[in-house]
Amino acid sequence: AVDGLVSDETIRHVARTFGGVEHRLEFVREVKGVTFINGSIDSSPTRTAAALSALADRPVVLIAGGYDKHIPYEPLAEAVFASSVHTVVLTGDTGKRIREAMEAHPLWETKRTEGFRVIEEDVFEKAVQQAAEAAKANRRAERAEVRYEKKKAELADVRKRNAERRDDANRRKFRDRVFKSTNE
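A brief look at the structure comes next. (Residues numbered from 1 in each chain as written. Predicted model: local features only at pLDDT ≥ 70, side-chain atom pairs only at ≥ 80, totals over all residues. Heavy atoms only, no water.)

1. Quick notes on the sheet that holds strand β5 (residues 117–120)
Thinking step 1. Strand order in the open sheet made by the three strands is β3-β4-β5, with parallel pairing throughout. Strands with a single pairing partner mark the edges of an open sheet, and in this sheet they are β3 (60–65) and β5. Pairs of neighbouring strands in the sheet enclose a mean axial angle of 20 degrees, with direction left out of account.
Thinking step 2. With four bridges connecting them, strand β4 (residues 85–91) and β5 associate as parallel partners. (Pairing = 2+ DSSP bridges. Helix = DSSP H or I, 4+ residues; strand = E, 2+ residues; numbered from the N terminus. Axes fitted to C-alpha atoms, helices over the stretch in contact; angles between N-to-C directions.)

Take a look at the structure:
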């Protein structure tokens, strides 16, 4: 699109140094393994859905809510349940409406049984704290799951080796019995 209009060096420079659009999936900071991303420009369900799709490769705690624009929140519920969001922290005037949209969604009960959480907090600063705690708890749960899966794999290996030993022993017994009965 810019071929011949902009030098290759300029393109490389912009690609290396462009920090992104302010408030649109803007990296804020990382604290104790929790990455904080500002998506405050994503103030409609469709914009939030687009932002969530960009974060599909990682677990997400979403802080949602704010000023009531009198728009439907069902698309937001759809986007949340189609994404990697495991916790939603609701704040502001729209928190209740967003929760109602999620509770009305067909996947609500399924997601709840899978550990999906909703936290309500009117004070934004406290909402951020709640989100950080939820992210840390999820990381602990993920680490525990990894440990569990590792132990499960180790146990399966032990069972397999034991079964192979039993099979070898049974084969030897069978061979010995066949040998013994054919030599008599």
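2. Side note on the side chain of T87
Thinking step 1. Tracing the backbone through its elements, the reader meets T87 in strand β4.
Thinking step 2. We classify T87 as buried; its relative accessible area is 2%.
Thinking step 3. Separated by 2.9 Å, the side chains of T87 and H86 make a polar contact.
Thinking step 4. Leaving out residues up to four positions away in the same chain, T87 has contacts with V60, V61, L62, F116, R117, I119 and A134. (Buried < 20%, exposed > 50% of the residue type's maximum accessible area, 1.4 Å probe, protein only. Polar contact = N/O pair within 3.5 Å; in protein donor to acceptor, adjacent residues only side chain to side chain. Contact = heavy atoms within 4.5 Å.)

3. Looking at the packing of helix α2 (residues 45–54) against helix α3 (residues 74–81)
Thinking step 1. Here α2 crosses α3 at 10 degrees, and the two axes come no closer than 8 Å. By the criterion of interaxial angle, the relationship of α2 to α3 is roughly parallel. Contacts from P45, T48, A49 and L52 of α2 reach α3 at P75, L76, A79 and V80.
Thinking step 2. A per-class count over the contact of α2 with α3 returns seven nonpolar, one polar and no charged. (Parallel < 35°, antiparallel > 145°, perpendicular 65-115°, else oblique. Nonpolar A, V, L, I, M, F, W, Y, C, P; charged D, E, K, R; others polar.)

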